Amino acid sequence: MSDPQISLISLLLIVLLGGGLTTYLVRAAKGDNDTPIITPENWPMTTGGAPIEPVIEARISELMAAMTVEEMVGQTIQADINAVTPEDVRRYRLGSILNGGNSAPGEDARAPAERWLALADEFYTASMDAGHPAIPILWGTDAVHGHNNIVGATLFPLNIGLGATRNLELVQHIGAITAREMIVTGIDWTFAPTLAVVRNNCWGRTYESYSEDPAIVAQYAQAMVKGLQGELGTDSFLSNQQVLATAKHFIGDGGTQRGKDQGNNIDSEADLRDYHGAGYPAAIDAGVQTVMASFSAWHGQRMHGCKPLLTDVLKERMGFNGFVVGDWNGHAQVPGCSTKSCPAAFNAGIDMFMAPDDWRQLYKNTVAQVMSGTIPRSRLEDAVRRILRVKLRLGLFEKPKPSERPLAGNYALLGHPNHQTVAQQAVRESLVLLKNNGNLLPLQTDQTILVTGSGADNISQQTGVWTLSRQGTGNTNENFPNGTSIWQGLRSAIEFGGGTAILSMDGSYKRIPDAAIVIFGETPYAEFKGDVDNLNFASNEELLLLQSFQSAGIPTVAIFLSGRPLWVTPEINAATAFVAAWLPGTAGAGIADVLMRKPNGAINFDFKGKLSFSWPRTATQTANENNDEPLFSFGYGLTYTDDGNLPQFPEISGLDGSEESTGNAFFALGKPMAPWSLQATVGETSRTVMDARVQLQNALTIRAIDRAAQEDAQQFIWSGEKRGAIAITGPATAYTAASHYDAMNLVIQYREEA
Ligand code: BGC
């Protein structure tokens with residue numbers, strides 16, 4: 001593979017040990033023919049949100065009268081900044097651009113904020129540079145826990161953590177801060193909030209959900225939309241301090257079978273409405289301007305092609321008058337469609353295609369389909385009217401270029417101390433105390449406290465997914481100039497109180513500490529890469545640490561970082577106190593606020609968080625429905641006034657070893673499976689590939705690319721300058737464990753780039 005002759009060949013690499021290809025294939029939803037009937041009259045009506053304003057509608061009519069079919073189609077296309085230039089926007093009159101999880105100015109995930117704003121100006125200027133009616137472009141981004149693509153921005157707990165706070169005012173405030181930080185960089189539209197009601201925690205996007213309880217999701221939907229967009233009916237609504245929000249993913253994303261990302265939801269129409277749909281009427285009433293269609297299917301029918309739900313229910317019954325954006329090439333999954341052509345999705349009710357890279361062909365085909373009548377002109381006009389309505393409501397036509405808008409370029413707002421204060425409050429309130437034997441917590445500060453665990457001094461593990469890149473991997477503490485690690489927060493609190501804080505990465509100590517704090521949990525993942533077959537927390541390392549402290553008689557606090565509840569009963573048993581801390585974001589100091597007493601011994605902050613998901617008793621208790629005997633019920637969460645003593649729980653995982661099929665793979669879904677890692681080498685330089693884009697000495701470039709889904713493959717480009725190698729490596733123990741397989745399959749699928 002190091003031979004320069006195969007330069008410019010991209011390899012889709014799938015290496016499986018003794019397994020079949022099915023372990024990585026996205027399972028196709030089946031049963032197209034037996035999709036139950038949707039009865040729109042059974043669904044709730046809403047106020048419709050922002051009213052239709054005759055002045056705006058007249059302006060739209062005037063604009064549309066001057067637009068060609070090509071210009072109208074251009075408005076319905078959203079391209080990714082990695083695959084579109086301002087010149088393309090000028091020429092094709094595109095309505096929108098996005099930065100997908102791994103796109104950034106100059107393909108530099110850590111590009112400074114100035115470059116984002118400069119790029120926003122370039123795209124805006126191109127969109128306004130036209131003889132025909134000039135229509136300002138909209139830039140969409142995934143600002144899903146703060147403005148998470150920007151170095152230095154304030155990053156809040158992921159939604160699952162916010163769900164535990166039950167603090168709607170706080171959530172609204174977080175939305176408002178996110179909007180302000182976005183405007184600093186010239187971006188108008190976030191693809192948030194996710195309104196999934198997760199029914200199976202194996203889903204790799206569970207962290208995006210506020211709760212398994214539809215009522216909570218509905219309340220949060222309102223609060224977050226109000227925060228991002230401002231309050232409907234007041235001057236704040238879509239003011240120049242606000243951005244557009246997106247309710248996503250319509251509908252049923254959190255209810256797919258076995259929690260498979262992009263899978264098939266086979267719930268009844270009533271459950272679809274009452275569970276998965278609960279957030280949408282609330283978001284529409286709050287005035288949400290865009291809704292994103294779900295990748296998932298309902299009884300086999302792909303949501304991007306589902307007119308009964310997109311049009312008959314969402315637009316007609318619920319009266320949603322903003323626009324529906326597709327998800328990342330989601331239209332391509334509709335039968336008969338591809339990334340380049342999908343009249344079926346458009347006719348079903350998608351108003352704007354998210355067409356990251358194949359937008360040019362999609363544009364051409366859509367124009368032809370309108371000309372031939374495959375897409376009725378009235379449908380095109382409806383879509384464009386909706387898009388223009390949203391742009392006009394946001395006042396985009398009146399705004400100057402992004403860098404001249406209020407707040408723009410005010411870089412001091414990114415990670416501003418006031419914003420960090422709110423983030424720190426959110427961290428404090430999101431923590432759920434599961435166990436507090438002997439009321440160990442809160443800890444006195446005037447003691448010697450040992451801090452350990454992979455998450456102790458690791459802001460990347462705290463922030464998790466959707467942080468500078470989609471997967472959130474490959475970041476170091478230096479990438480978070482305004483962040484604090486959990487260790488940093490603990491150290492300052494302990495030292496301030498006259499105690500001694502010791503960071504010991506391997507958990508060793510010279511003198512027995514008074515207490516130990518072990519911080520550990522899941523490492524970052526996004527979307528289908530986070531799908532699991534059961535809820536077993538696979539890592540053993542910290543369990544051994546906890547047990548060694550336990551047998552040494554050292555009181556121990558476990559801080560568990562995760563995007564979902566997992567089966568950690570052995571860890572809970574081994575710890576004296578156990579805290580579910582979710583994925584808290586950049587304000588790691590919020591944890592010390594609650595864990596440590598004030599120097600005078602008084603309680604500083606008490607725990608407030610309550611579980612918004614029930615916590616499993618076994619690793620196979622994956623589903624939230626019929627989950628009648630969880631280890632900790634929905635709503636559980638101790639405070640310092642409670643008796644925190646828990647008995648030892650039976651450590652019954654419910655697994656029999658046969659479930660580990662995906663564990664046989666070295667490399668699947670575009671990533672090495674733990675404990676394996678992908679190693680790239682050129683000459684003396686060797687690097688573990690963690691980022692979505694890695695370049696070694698202009699000789700070898702490695703990029704995450706789409707095969708069947710976003711970033712489910714890796715591309716290796718040898719420039720031909722030097723020899724380079726890629727390898728999948730693992731610890732010696734992993735090789736020993738793998739050696740009991742009789743056969744090893746090496747499957748490489750490759751495609752040649754044109
Ligand atoms: C996700 C969406 C996201 C979009 C754009 C998709 O893979 O499903 O939630 O908004 O990418 O980044």
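Note on numbering: residues in each chain are counted from 1, in written sequence order. The model is predicted, so local features are restricted to residues of pLDDT at least 70 and side-chain atom pairs to those at 80 or more, both for listing and for counting; the totals for chains, interfaces and linings are taken over all residues. Based on all heavy atoms of the structure, the side-chain values leave hydrogens and waters out of the count.

**Quick word on the pattern of salt bridges**
What counts here: Each salt bridge in this description consists of a side-chain nitrogen of Lys or Arg and a carboxyl oxygen of Asp or Glu lying within 4 Å of one another. In this description a helix means any DSSP run of H or I spanning at least four residues, a strand means any run of E spanning at least two, and both kinds are numbered starting from the N terminus. The cut-offs for exposure are 20% and 50% of the maximum accessible area for each residue type, with area from a 1.4 Å probe on protein chains only; residues under the lower value are buried, those over the upper are exposed, and the others partly exposed.
One pass over the full model with this rule turns up 22 salt bridges. Here Arg405 ties to Asp188 by a salt bridge, and the two come within 3.0 Å at their closest N and O atoms. Here Arg405 is found in the loop between helix H13 (377–393) and helix H14 (417–430), whereas its partner Asp188 is found in the loop between helix H6 (168–184) and strand S5 (189–190), with 217 residues between them in sequence. Summarising the burial analysis for this pair, Arg405 and Asp188 share the class buried. In this structure, Glu208 engages Arg205 in a salt bridge whose closest nitrogen and oxygen atoms are separated by 2.6 Å. We note that Glu208, like Arg205, is buried.

**Quick look at H14**
The test is simple: A helix is expected to span 1.5 Å for every residue after the first. In this analysis, two residues are considered to be in contact whenever any of their non-hydrogen atoms come within 4.5 Å of each other.
Taking 1.5 Å of rise per residue, 14 residues should cover 20 Å, and H14 covers 20 Å from first to last C-alpha, within 8% of that figure. Turning to H14, its buried residues number three or more, namely His419, Gln420, Val422, Ala423, Ala426, Val427, Arg428, Glu429 and Ser430. Buried residues along H14 sit against helix H5 (159–165), H6, strand S13 (432–436), strand S18 (577–580) and helix H19 (589–595).

**Some points on the domain arrangement of the protein**
To keep it simple, the criterion reads: Start and end positions for the domains come from either an automated domain assignment or a database one. Using a 1.4 Å probe, buried area is obtained as the accessible area two parts lose upon being combined, added over both of them. In this classification, the charged set is Asp, Glu, Lys and Arg, the nonpolar set is Ala, Val, Leu, Ile, Met, Phe, Trp, Tyr, Cys and Pro, and all remaining amino acids, among them Gly, are polar.
You can read the domains of the protein as domain 1 (9–26 + 669–753), domain 2 (42–221 + 246–276 + 291–412) and domain 3 (431–665). Spacing between the C-alpha centres of domain 1 and domain 2 amounts to 32 Å. Across the domain 1 to domain 2 interface the summed buried area is about 700 Å²; carbon plus sulfur atoms make up 31%. The largest per-residue losses of area from domain 1 upon contact with domain 2 belong to Arg693, Asp706 and Gln710, which jointly make up 48% of the total buried on that side. Put simply, domain 1 and domain 2 have zero salt bridges between them. Residues that form the side of domain 1 that touches domain 2 fall into these classes: two nonpolar, one polar and five charged.

**Regarding the packing of H6 against H14**
Just so we agree on the cut-off: Every axis in this analysis is a line fitted to C-alpha atoms, fitted for helices over the stretch in contact. Angles between the N-to-C directions lie between 0 and 180 degrees. What makes a crossing left-handed is the near helix being turned counterclockwise from the far one by less than a right angle; a clockwise turn instead makes it right-handed.
The geometry of H6 relative to H14 is characterised by a closest axis approach of 11 Å and an angle of 145° between their N-to-C directions. Crossing angle aside, the handedness with which H6 passes H14 is left-handed. From H6, Leu170, His173, Ile174, Ile177, Arg180 and Glu181 reach across to H14, where they touch His419, Val422, Gln425, Ala426 and Glu429.

**With respect to the site of the ligand**
What counts, and what does not: The cutoff for a nearby residue is simple: one of its non-hydrogen atoms must lie within 4 Å of the molecule or strand. Side-chain atoms alone can form a polar contact between residues adjacent in sequence; in general such a contact is a pair of N or O atoms within 3.5 Å, and within protein one must be able to donate a hydrogen while the other accepts it. In this description, accessible areas are obtained by the Shrake-Rupley approach with a 1.4 Å probe, and a residue is regarded as covered only by the protein chains that are shown.
As a matter of local geometry, the ligand sits amid 17 residues, with Asp142, Arg205, His249, Asp327 and Gln710 nearest to it. A distance of 2.5 Å separates an oxygen atom of the ligand from a polar atom in the side chain of Asp142. Asp327 is positioned such that a nitrogen or oxygen atom in its side chain is 2.5 Å from an oxygen atom of the ligand. Its free accessible area being 310 Å², the ligand has 100% of it covered by the protein chains. Of the residues assigned to the shell around the ligand, the class counts are seven nonpolar, four polar and six charged. Taken domain by domain, the shell around the ligand gets at least three of its residues from each of domain 2 (42–221 + 246–276 + 291–412) and domain 3 (431–665).

**A look at the nonpolar core**
As a reminder of what qualifies: What makes a nonpolar core is a set of buried Ala, Val, Leu, Ile, Met, Phe, Trp, Tyr and Cys residues whose side-chain atoms join them at distances within 4.5 Å.
Ranked by internal contacts, the top residues of the largest apolar core, which has 141 residues, are Leu309, Leu441, Leu490, Val557 and Leu595. Per-element accounting of this core gives the leading share, nine residues, to helix H7 (residues 214–229). The residues that make up this core include at least three from each of domain 2 (42–221 + 246–276 + 291–412) and domain 3 (431–665). Beyond its immediate sequence surroundings of up to four residues, Leu595 is in contact with Leu441, Pro442, Leu443, Leu490, Ile517, Val557, Ile559, Val579, Phe607 and Tyr640. In terms of nonpolar packing, the next biggest core, distinct from the first, is built from 45 residues, Ala196, Tyr207, Ile572 and Leu611 among them.

**Examining the sheet that holds S5**
Quick reminder of the rule: Paired strands, as defined in this entry, are two strands with at least two bridges between them according to DSSP.
With parallel pairing, five strands are arranged side by side in an open sheet as S5-S4-S3-S2-S12. Each edge of the sheet is formed by a strand with only one pairing partner; in this case those strands are S5 and strand S12 (353–354). As paired strands, strand S2 (residues 77–80) and strand S3 (residues 96–99) are joined by three bridges and run parallel to one another. Each residue of the ladder has a partner; that of Ala79, found in S3, is Ile97.

**Notes on the state of the cysteines**
Each disulfide consists of one covalent bond between the sulfur atoms belonging to two cysteines. Applicable threshold: Disulfides are defined in this document as cysteine sulfur pairs within 2.5 Å.
This model, assessed by the stated rule, comprises one disulfide. Each sulfur of the disulfide joining Cys337 and Cys342 lies 2.2 Å from the other. Taking the torsion about the S-S bond as the criterion, the Cys337 to Cys342 disulfide, at about 65°, is right-handed. When sorted by exposure, Cys337 lands in the same class as Cys342, which is buried. A disulfide-free cysteine, Cys306 has its sulfur positioned 13 Å from the sulfur of Cys342, the nearest such atom. Among the residues examined, Cys306 registers a relative accessible area of 2% and is labelled buried.

**Comments concerning the packing of aromatic side chains**
Our working rule: In this scheme Phe, Tyr and Trp rings, the latter by its six-membered ring, pair at centre separations within 6.5 Å, and the angle between planes marks the pair as stacked below 30 degrees, edge-to-face above 60, and tilted otherwise.
As enumerated under the stated definition, the model contains 21 aromatic pairs in all. Ring plane angle 55° and centroid distance 5.8 Å describe the contact between Phe520 and Phe537, whose orientation is recorded as tilted. Taken together, the residues span a long stretch of sequence, with Phe520 in strand S16 (residues 515–521) and Phe537 in the loop between S16 and helix H17 (541–551) at a distance of 17 residues. On the accessibility criterion, Phe537 (9% relative accessible area) is buried. An aromatic cluster is defined as three or more aromatic residues linked by ring pairs; in this entry it consists of Phe520, Phe537, Phe560, Phe578, Trp582 and Trp615.

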